[in-house]
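Chains, contacts and geometry: an overview
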Amino acid sequence: MEILSQSAVLVVTLLVLLGLGVWVGVALLASAVVIFLLFTSSPVDAVLGTTMWAHSASWTLTALPLFIWMGEILYRTRLAEDLFSGLAPWVGRLPGGLAHVNVVGCGIFAAVSGSSAATTATVGRISLPELKSRGYDDRLAIGSLAGSGTLGLLIPPSVVMIVYGVAAQVSINRLFIAGVVPGLMLMALFSGYIAIWSRMNRDAMPAPETSIGWAERLYRLRLLLPVVGLIVGVIGSIYAGFATATEAAAIGVAGALLIAALGRSLTRDSFFAALFGATRTSAMIGLILLGAAFLTSAMSFSGLPADLAEVISNSGLGKAGLIAVLTVFFVLLGCFLDGISIVVLTTSVVMPAIAAVGIDPVWFGIYLIIVVEMAQITPPLGFNLFVIQNLTGRGIFEITRMIVPYFLILVLAVILLTAFPGIATWLVQQTI
């Protein structure tokens, strides 16, 4: 009964604090104090001090603010406009036409931003007006953007991957490598659905784009060179073993500043706006991580994770059964929490259970990120929904109806990942 009472106290405390609008990081800290006071005899102040220092003095964690800063810099450049112009001639004649720009553009921008919200907002502010002016159905334009925007969490470098790696003590380099094939798989699934939908709804599609000659197509590819160079510099340096995640992040910031300078979007105001934006986001995530670390310590002292792992081990649930239960659990959490909060809240609790059934923590990280992607487009608090609402002025539930097929594609991705775990682990095994 001890595990039930501890779990009940923890859940009720968190729900009450979050319902009152308390910051997530503060709510985690307060919940940890409650667990310490009620279920342990350990000194709260001593554990708080050592935990805060141990989890903040981390070289790995320095990659986080750097990647966030890189995304903030690129958000203020012409990168999305250049992506649309460079990609449009190549996808305009495909079934689904320029809607594929949302998928490919989000995939490319995700590889240099690390943020789902930044990917959705940056690509959407260019693609949605262009698609609307050409007569594309809103269900296709908005739905494909909402679904593809979630790629910002999965395609490395991903802020959520860094958060999970720090929380679960898993190699961030391995997570970055593991995210490549699942990211490409999701892009293929999204584009496949767009092609099928366009064939089934021909009356809702505009006339095919005017064919552009090969010379013009190749000429417009020059617009993609800056982002391709940045991807090679950041991700390529990690895959080749030349740089750690932190060193690659520093390369990314330098490359982003160079792109902004060459594109004449690097001004004093834009530089400090990007710097302050990255500082605010990093401070917010840092507080959540520290709160989660303290809560993890509290639960470790109380024995909750070990007790939960024992319960799951004795329940007879295999890998597939546990993944099915966790998927439902995470989707429900996604109705009320953002992706980073889900990761830091649950990692310390579920990792012992994951280890108990023999699931690879790198594979689980990719699985968790795909499920968190579902949370990004799940009402009422799916963050991508608010980004698109701001871009379009549409209601949340109207947008939600448009993204249902893309949510189901993410469910299919989880099924495929579970049935074929090599999707996430094969490339890691080849490179490390």
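Residues numbered from 1 in each chain as written. Predicted model: local features only at pLDDT ≥ 70, side-chain atom pairs only at ≥ 80, totals over all residues. Heavy atoms only, no water.

A separate point is the overall build of the protein. A tally of helices and strands in the protein yields 23 helices and zero strands. Relative to a compact globule of 432 residues, whose C-alpha radius of gyration would be 22 Å, the protein shows 22 Å and is just as compact. Seen through its C-alpha atoms, the protein measures out along the principal axes to roughly 75 × 45 × 45 Å. By sequence separation, contacts in the protein at least 24 residues apart represent 79% of the contacts at least 6 residues apart. Accessible surface, the protein: about 18200 Å² in total, of which carbon and sulfur atoms supply 68%. (Helix = DSSP H or I, 4+ residues; strand = E, 2+ residues; numbered from the N terminus. Rg over C-alpha atoms; globule rule 2.2 N^0.38 Å. Contact = heavy atoms within 4.5 Å. Areas by Shrake-Rupley, 256 points an atom, 1.4 Å probe, with all protein chains shown as cover.)

When pLDDT is averaged along the protein, the result is 81; 93% of the residues meet or exceed 70. No element of the protein has a lower mean pLDDT than helix H17 (residues 304-315), which averages 63, and none a higher one than helix H12 (residues 180-200), which averages 93. (pLDDT = per-residue confidence, 0-100.)

Under the defined criterion, the tally for this structure stands at five salt bridges. A salt bridge links Glu-72 to Arg-76, with the nearest nitrogen and oxygen atoms 2.7 Å apart. Assessed through its relative accessible area of 28%, Arg-76 is described here as partly exposed. Linked through salt bridges whose partners overlap, the residues forming this network are Asp-138, Arg-394 and Glu-398. (Salt bridge = Lys/Arg side-chain N within 4 Å of Asp/Glu carboxyl O. Buried < 20%, exposed > 50% of the residue type's maximum accessible area, 1.4 Å probe, protein only.)

Here we take up the side chain of Asn-102. One can find Asn-102 in helix H6 (residues 99-113). Here Asn-102 falls in the buried class, since its relative accessible area comes to 0%.

A separate point is the nonpolar core. Phe-364 and Tyr-367 are the most contacted members of the largest nonpolar core, which totals 142 residues. Counting residues per element, this core draws most heavily on helix H20 (residues 361-376), which supplies twelve residues. Contacts of Tyr-367, omitting those with residues within four sequence positions, involve Ile-323, Leu-326, Thr-327, Phe-330, Val-414 and Leu-417. (Core = buried A, V, L, I, M, F, W, Y, C linked by side-chain atoms within 4.5 Å.)

The next subject is the packing of aromatic side chains. Overall, the coordinates contain eleven aromatic pairs when judged by the stated rule. Residues Phe-190 and Tyr-406 carry aromatic rings whose centres are separated by 5.8 Å and whose planes lie at 50° to one another, so their mutual orientation is tilted. One end of the pair, Phe-190, is in helix H12; the other, Tyr-406, is in helix H22 (residues 396-419), and 216 residues separate them in sequence. Classification of Phe-190 as buried rests on a relative accessible area of 0%. (Phe/Tyr/Trp six-rings, centres within 6.5 Å; stacked < 30°, edge-to-face > 60°.)

Here we come to helix H14 (residues 225-239). The first and last C-alpha atoms of H14 sit 20 Å apart over 15 residues, in line with the 21 Å expected at 1.5 Å per residue. Gly-233 marks where H14 bends most, by close to 25°. For H14, the full list of buried residues reads Val-227, Leu-230, Val-234, Ile-235, Ser-237 and Ile-238. Residues of H14 that are buried in the fold lie against helix H4 (63-75), helix H5 (79-91), H6, helix H11 (172-178) and helix H15 (245-262). Note on H14: the residue one or two positions beyond its end, Gly-241, has a positive phi of about 80°. (Expected span 1.5 Å × (residues − 1). Bend = angle between axes of the 7 residues up to and from the residue.)

Right, let's get into the environment of Ala-261. Inspection of the secondary structure puts Ala-261 in helix H15. For the pair Ala-261 and Thr-77, spaced 184 residues apart in sequence, the C-alpha separation works out to 9.1 Å.

Moving on, we get to H5. For H5, spanning 13 residues, the distance from its first C-alpha to its last is 18 Å, which sits close to the expected 18 Å at 1.5 Å a residue. A large share of H5 lies buried, amounting to ten of its 13 residues. Turning to H5, its buried residues are Leu-79, Ala-80, Asp-82, Leu-83, Phe-84, Gly-86, Leu-87, Ala-88, Pro-89 and Val-91. Looking at the buried residues of H5, the elements they touch are H4, H6, helix H7 (116-133), helix H13 (214-220) and H14.

A cluster of nonpolar side chains, namely Val-12, Val-16 and Leu-20, defines an oily patch on the protein surface of about 300 Å² accessible area. Counting through the fold element by element, Val-16 comes out in helix H1 (residues 2-19). (Patch = residues over 30% accessible without salt bridge, like charges linked within 9 Å, V, L, I, M, F, W, Y side chains within 5 Å.)

Attention now moves to the environment of Leu-94. In this structure, Leu-94 sits in the loop between H5 and H6. Separated by 282 residues in sequence, Leu-94 and Gln-376 place their C-alpha atoms 28 Å apart.

Counting through the fold element by element, Val-253 comes out in helix H15. For the pair formed by Val-253 and Val-112, sequence separation is 141 residues and the distance between their alpha carbons is 9.9 Å. Among all residues touching Val-253, those that are not within four sequence positions of it are Leu-66, Trp-69, Met-70 and Ile-73.

It is worth spelling out unusual backbone geometry at this point. The peptide bond linking Pro-156 to Pro-157 adopts the cis configuration, its omega dihedral lying at 0°. Position of Pro-157 among the secondary structure elements: in the loop between helix H9 (151-154) and helix H10 (159-168). Positive phi, close to 55°, is recorded for Gln-169, a residue that is not glycine. Locating Gln-169 in the fold gives a position in the loop between H10 and H11. Residue classification places Gln-169 among the exposed residues on the basis of a relative accessible area of 72%.

Further remarks concern the packing of helix H18 (residues 319-334) against H20. For the pair H18 and H20, interaxial distance at closest approach is 8 Å and the crossing angle is 40°. Classified by the angle their axes make, H18 and H20 are oblique. Between H18 and H20 lies a crossing of right-handed hand. Residues Ile-323, Leu-326, Thr-327, Phe-330, Val-331 and Gly-334 of H18 touch H20, and the partners they reach there are Trp-363, Phe-364, Tyr-367, Leu-368, Val-371, Met-374 and Ala-375. (Axes fitted to C-alpha atoms, helices over the stretch in contact; angles between N-to-C directions. Parallel < 35°, antiparallel > 145°, perpendicular 65-115°, else oblique. Left-handed = near helix turned anticlockwise from the far one by under 90°.)

A few words now on the packing of H4 against H15. Direction vectors running N to C along H4 and H15 enclose 20°, while the axes themselves pass 8 Å from each other. One element, H4, and the other, H15, form an angle in the roughly parallel class. Here H4 runs over H15; the crossing is left-handed. Contact residues: Ala-63, Leu-66, Phe-67, Trp-69, Met-70, Ile-73 and Leu-74 in H4; Ala-245, Thr-246, Ala-248, Ala-249, Ala-250, Gly-252, Val-253, Ala-256, Leu-257, Ile-259 and Ala-260 in H15. Broken down by class, the residue content of the contact of H4 with H15 amounts to 16 nonpolar, two polar and no charged. (Nonpolar A, V, L, I, M, F, W, Y, C, P; charged D, E, K, R; others polar.)

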